[in-house]
Amino acid sequence: MERFDLNKLVRENVRALRPYSSARDEFVSKGETMIFLDANENPFDNGVNRYPDPHQRSLKAVLAEQKGVNESQMLFGNGSDEVLDLLFRAFCEPNRDNIISLPPTYGMYKVLAGTNAIENREVLLNEDFQPDIEAIFARIDSNTKLLFLCSPNNPTGNLIDDKKIEKLLGNFNGLVVIDEAYIDFSGSESWIEKLHDYPNLVVTQTLSKAYGMAAIRLGICYASEEIITILKKIKPPYNVNELTQKEALRGMMDRQKVQEQVETIIAERNKLSKALANIPFIAKVYDSDANFILAKVDAADERYQQVLNEGVVIRNRSTQPLCTNTLRFTIGTELENDRLLEVLKTLD
């Protein structure tokens, strides 16, 4: 296999681009009292009159220590979707390049491909919701730049097999992007641990799930310093606002609370999974390493509406490949899960 060369992946215009230099790039306070007349801000202090740190230094320092990576290996975005979009914009030439996605999976890969005028080559997972390695390599060509793996996968809930991921990383000269939005519920090690082993590895995570901060929209990209440097060239200078940075820092510092909530969700997931298996109209409950459960039912459209009529909102995933007549149940609180089961048991 040809040796991985990041320079061959970067779009020519991005390679030549000089990133925008904001006022907060050119001067960073070290704690001294200064008069700031450089950024055309409103001078009257109301807590949000100043621009936020464009590099989120305080957040990166905390998360780097927690995750065991260097701050230079991290990029924050306005949700994981912005991080994913930056990957398209940095490495995929519109109307020429292509990416590989593996349905059923997170729908934004397809949306972002369309938004950026990039061909999305879909290779279905097999019946066990695992990648078909031979089929993937049959679709890869010299213009294939990104390969997306969601692990644990959404909407199926399963982890992608490590050996399959290793084979893809070792034999694909593009970037392998592992979306780990649900990794905290799996008990499995993050692929962040392998960043030094694979120069083409990119891992994305989020504070929306385990950390319970979906509303603040903070996504994280972990990769080599070289990849992060390229992405920083094209990210908006103040893409993570001050309120998000402060709330994220507060949430990340309370690691015990996060861990307790994750453990509770896992316990409720296990309880709910066993209970769902005893519902007559549920044909199969899929194993899950996420904070949701996918189940095959007799008539998903009908069952979805029946549950909705009882004031419980679930997700009908039947439009997804390999997911005919499936419903997805997010793990709620104990009371919410008990109410869901109560509703399901009453349905004819």
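Look above for the structure.
Just so it is clear, the structure is predicted and the values come from calculations on it, not from any experiment. Once a new chain begins, its residue numbering starts again from 1 and follows that chain's sequence as written. pLDDT decides what is reported in this predicted model: residues at 70 or higher carry local features, side-chain atom pairs at 80 or more are listed and counted, and totals for whole chains, interfaces and linings draw on all residues regardless. Hydrogens are left out, water is left out, and the side-chain values use all remaining heavy atoms of the structure.

**Overview of the packing of aromatic side chains**
1) Next: Two aromatic rings from Phe, Tyr or Trp, using only the six-membered ring of Trp, form a pair when their centres are within 6.5 Å; if the ring planes differ by under 30 degrees the pair is stacked, by over 60 it is edge-to-face, and anything between is tilted. Taken as a whole and judged by the stated rule, the model has seven aromatic pairs.
2) Next: On the numbers, 4.7 Å between centres and 15° between planes, the contact of Y109 with F148 is stacked. One end of the pair, Y109, is in helix α6 (residues 108-115); the other, F148, is in strand β4 (residues 144-150), with 39 residues separating them in the sequence. The residues Y109 and F148 share a single accessibility class, namely buried.
3) Next: Feature note: the residues F88, Y106, Y109 and F148 constitute an aromatic cluster, connected by ring pairs.
4) Next: A positively charged side chain is recorded as over a ring if its NZ (Lys) or CZ (Arg) lies within 6 Å of the ring centre. The angle to the ring normal must also be within 35 degrees. Note that K60 overlies the ring of F76, its terminal NZ or CZ placed 6.0 Å from the centroid. Helix and strand definitions here come from DSSP, where helices need a minimum of 4 consecutive H or I residues and strands a minimum of 2 consecutive E residues; each element is numbered from the N-terminal end. Partly exposed describes any residue whose relative accessible area lies between the buried limit of under 20% and the exposed limit of over 50%, with all areas from a 1.4 Å probe on protein chains only and scaled to the type maximum.

**Notes on the sheet that holds β4**
1) Next: With respect to topology, seven strands assemble into an open sheet ordered β1-β7-β6-β5-β4-β2-β3, the strand pairing being mixed. Strand pairing shows two members of the sheet lacking a second neighbour, β1 (74-77) and β3 (119-122), which therefore form its edges. Adjacent strand axes in the sheet meet at a mean angle of 25° when their direction is disregarded.
2) Next: Inspection of the sheet shows β1 paired to strand β7 (residues 219-222) by four bridges, in the antiparallel sense. Among the inter-strand pairings, L75 is bridged to a residue of β7, identified as C221.
3) Next: Any two residues whose heavy atoms approach within 4.5 Å are treated as being in contact. In this description, a line fitted to the C-alpha atoms serves as the axis of each element, helices being fitted only across the stretch in contact, and the angle between N-to-C directions of two axes falls anywhere from 0 to 180 degrees. Across the sheet, helix α9 (residues 225-234) touches β1, β5 (175-179), β6 (201-206) and β7, and the angle it forms with β1 is around 35°. Here the rule is simple: two strands pair whenever DSSP picks up at least two bridges between them.

**What to know about the pattern of salt bridges**
1) Next: Between Lys or Arg on one side and Asp or Glu on the other, a salt bridge is scored when a side-chain nitrogen of the former is within 4 Å of a carboxyl oxygen of the latter. According to the stated counting rule, one finds 18 salt bridges in the structure shown.
2) Next: In this structure, K110 and E122 form a salt bridge, with 3.9 Å as the shortest nitrogen-oxygen distance. Of this pair, K110 sits in helix α6 while E122 sits in strand β3; the two residues are 12 residues apart in sequence, bridging distant segments of the chain.
3) Next: For E268, the salt bridge is made with K271, and the minimal N-O distance between the two is 3.3 Å. Here the residue E268 and the residue K271 both occupy positions in helix α11 (residues 255-276), the gap between them amounting to three residues, near one helical turn.

**Here we look at the packing of helix α5 (residues 79-91) against α9**
1) Next: Where α5 meets α9, the closest approach of the two axes is 9 Å, and the angle between their N-to-C directions is 95°. Between α5 and α9, the angle falls in the class roughly perpendicular. Only I227, I230, L231 and I234 of α9 make contact with α5, whose side of the interface consists of L86, L87, R89, A90 and F91.
2) Next: The residue classification treats Ala, Val, Leu, Ile, Met, Phe, Trp, Tyr, Cys and Pro as nonpolar and Asp, Glu, Lys and Arg as charged. All others, Gly included, are polar. Of the residues that constitute the contact of α5 with α9, the class distribution is eight nonpolar, no polar and one charged. With respect to orientation, any angle under 35 degrees is reported as roughly parallel, any angle over 145 as roughly antiparallel, any angle of 65 to 115 as roughly perpendicular, and every other angle as oblique.

**Points about unusual backbone geometry**
Most peptide bonds take the trans form, and the phi angle of most residues other than glycine is negative.
1) Next: A cis amide bond links P103 to the next residue, P104, at an omega of 0°.
2) Next: Locating P104 in the fold gives a position in the loop between β2 (98-101) and α6.
3) Next: Cis geometry is adopted by the peptide bond preceding P152, which originates at S151 and carries an omega value of 0°.
4) Next: Relative to the elements of secondary structure, P152 occurs in the loop between β4 and α8 (162-171).
5) Next: Although it is not a glycine, Q56 sits at a positive phi angle of roughly 45°.
6) Next: Counting through the fold element by element, Q56 comes out in the loop between α3 (23-26) and α4 (57-67).
7) Next: Even without a glycine there, the phi angle at L322 is positive, about 65°.

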